[in-house]
Amino acid sequence: MSWAILVAAGLLEVVWAIGLKYTDGFTRFWPTVGTASAMLLSVWLLGIAMKTLPVGTAYAVWVGIGAIGTAIFGIILFAESANAGRLLSLLLIFAGIVGLKLSTPL
């Protein structure tokens, strides 16, 4: 269950990271409210997952999910670069997440 909670926390990190773009420097009310809510929920879920998962593993996976998801949505929504080097780097982050999952008991 901790892993499912951690994945949810990571997905919410993507939501708030992308949401930051829509807040326009925290000048737009509803995008700011949504972004702040996603931030709080993401960190809260991360804290719950850390009750049973090692802190280093949980934090690295949370950040990794956030980094991969945010980069992918940046490519889709904001026409950011999708060159081979960038995609390979995202694949390496994903490999690191899988490696942490496979090497962590629970």
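The preceding data block contains the structure.
Numbers given to residues run from 1 along each chain, matching the order in which its sequence is written. Only residues with pLDDT of at least 70 get local features here, since the model is predicted, and only at 80 or more are side-chain atom pairs given and counted; chain-wide, interface and lining totals rely on the full set of residues. Computation of side-chain values covers all heavy atoms of the structure but excludes hydrogens and water.

Chemist: So what exactly am I meant to see when it comes to the overall build of the protein chain here?
Modeler: Strands here mean DSSP runs of E at least two residues long; helices mean DSSP runs of H or I at least four residues long; both are numbered from the N terminus. Helix and strand counts for the protein chain stand at four helices and zero strands. Starting at the N terminus, the α and β elements of the protein chain follow one another as α-α-α-α. Based on the C-alpha atoms only, the size of the protein chain along its principal axes is roughly 45 × 35 × 15 Å. Within the structure as shown, the protein chain displays about 6300 Å² of accessible surface, and the carbon and sulfur contribution to it stands at 77%. The accessible surface values rely on the Shrake-Rupley method and a 1.4 Å probe; as for residues, cover is taken only from the protein chains in view.

Chemist: I tried to follow the nonpolar core on my own but got confused; where do I start?
Modeler: One recurring pattern in soluble globular proteins: nonpolar side chains tend to sit buried together. One finds L6, L46, L53 and V61 to be the most contacted residues of the largest nonpolar core, which totals 19 residues. When residues of this core are traced back to their parent elements, those giving at least two are α1 (2-23), α2 (29-49), α3 (55-78) and α4 (84-103). Apart from residues no more than four positions distant in its own chain, V61 is found in contact with W3, L6, I97 and L100. Grouping buried Ala, Val, Leu, Ile, Met, Phe, Trp, Tyr and Cys residues that are joined through side-chain atoms within 4.5 Å yields what is termed a nonpolar core. Under the scheme applied here, a residue whose accessible area is under 20% of the maximum for its type counts as buried, over 50% as exposed, and between as partly exposed, the area being computed with a 1.4 Å probe on protein chains only. Only heavy atoms matter for contacts: two residues are in contact if any of them lie within 4.5 Å across the pair.

Chemist: Looking at this structure, how should I read the side chain of T57?
Modeler: With respect to the helices, strands and loops of the structure, T57 is situated in helix α3. By relative accessible area, which is 10% here, T57 ends up buried. Here a polar contact means two N or O atoms within 3.5 Å. Within protein one must be a hydrogen donor candidate and the other an acceptor candidate, and residues neighboring in sequence count only if both atoms are side-chain atoms. One polar contact links T57 to T104, side chain to side chain, over a distance of 3.5 Å. In contact with T57, not counting residues within four places along its chain, are W3, L100 and T104.

Chemist: Mind showing me how you'd approach the environment of G64 here?
Modeler: Position of G64 relative to the elements: it lies in helix α3. Since its relative accessible area comes to 6%, G64 is described here as buried. Between the C-alpha atoms of G64 and G85, which are 21 residues apart in sequence, the distance is 17 Å. Those residues in contact with G64, other than ones at most four positions away along the chain, are I93 and I97.

Chemist: Would you mind going over the packing of α1 against α3 with me for this structure?
Modeler: Two elements in contact, α1 and α3, have axes separated by 8 Å at closest approach and are oriented at 40°. Considering their axes alone, α1 and α3 lie oblique with respect to each other. Considering how the two elements wind past one another, α1 and α3 form a crossing that is right-handed. In terms of residue class, the contact of α1 with α3 is made up of 17 nonpolar, six polar and two charged. In this analysis, axes come from line fits to C-alpha atoms, helices being fitted only over the stretch in contact, and the angle between any two N-to-C directions falls in the range 0 to 180 degrees. Any angle that is under 35 degrees is reported as roughly parallel, and any over 145 degrees as roughly antiparallel; angles of 65 to 115 degrees are reported as roughly perpendicular and all others as oblique. Note on convention: the crossing is left-handed when the near helix lies turned anticlockwise from the far helix by less than a right angle, right-handed when the turn is clockwise. Gly is put with the polar residues, along with every residue not named as nonpolar or charged; the nonpolar set is Ala, Val, Leu, Ile, Met, Phe, Trp, Tyr, Cys and Pro, and the charged set is Asp, Glu, Lys and Arg.

Chemist: Before we go on, may I ask you to explain the side chain of S42 in this structure?
Modeler: Summarising the element assignment, S42 is placed in helix α2. Within the structure, the side chain of S42 is placed 2.8 Å from the backbone oxygen of A9, a separation counted as a polar contact. Excluding residues within four positions of it along the chain, S42 makes contact with A9, L12, E13, W16 and W62.

Read these as geometric descriptors, not functional statements.
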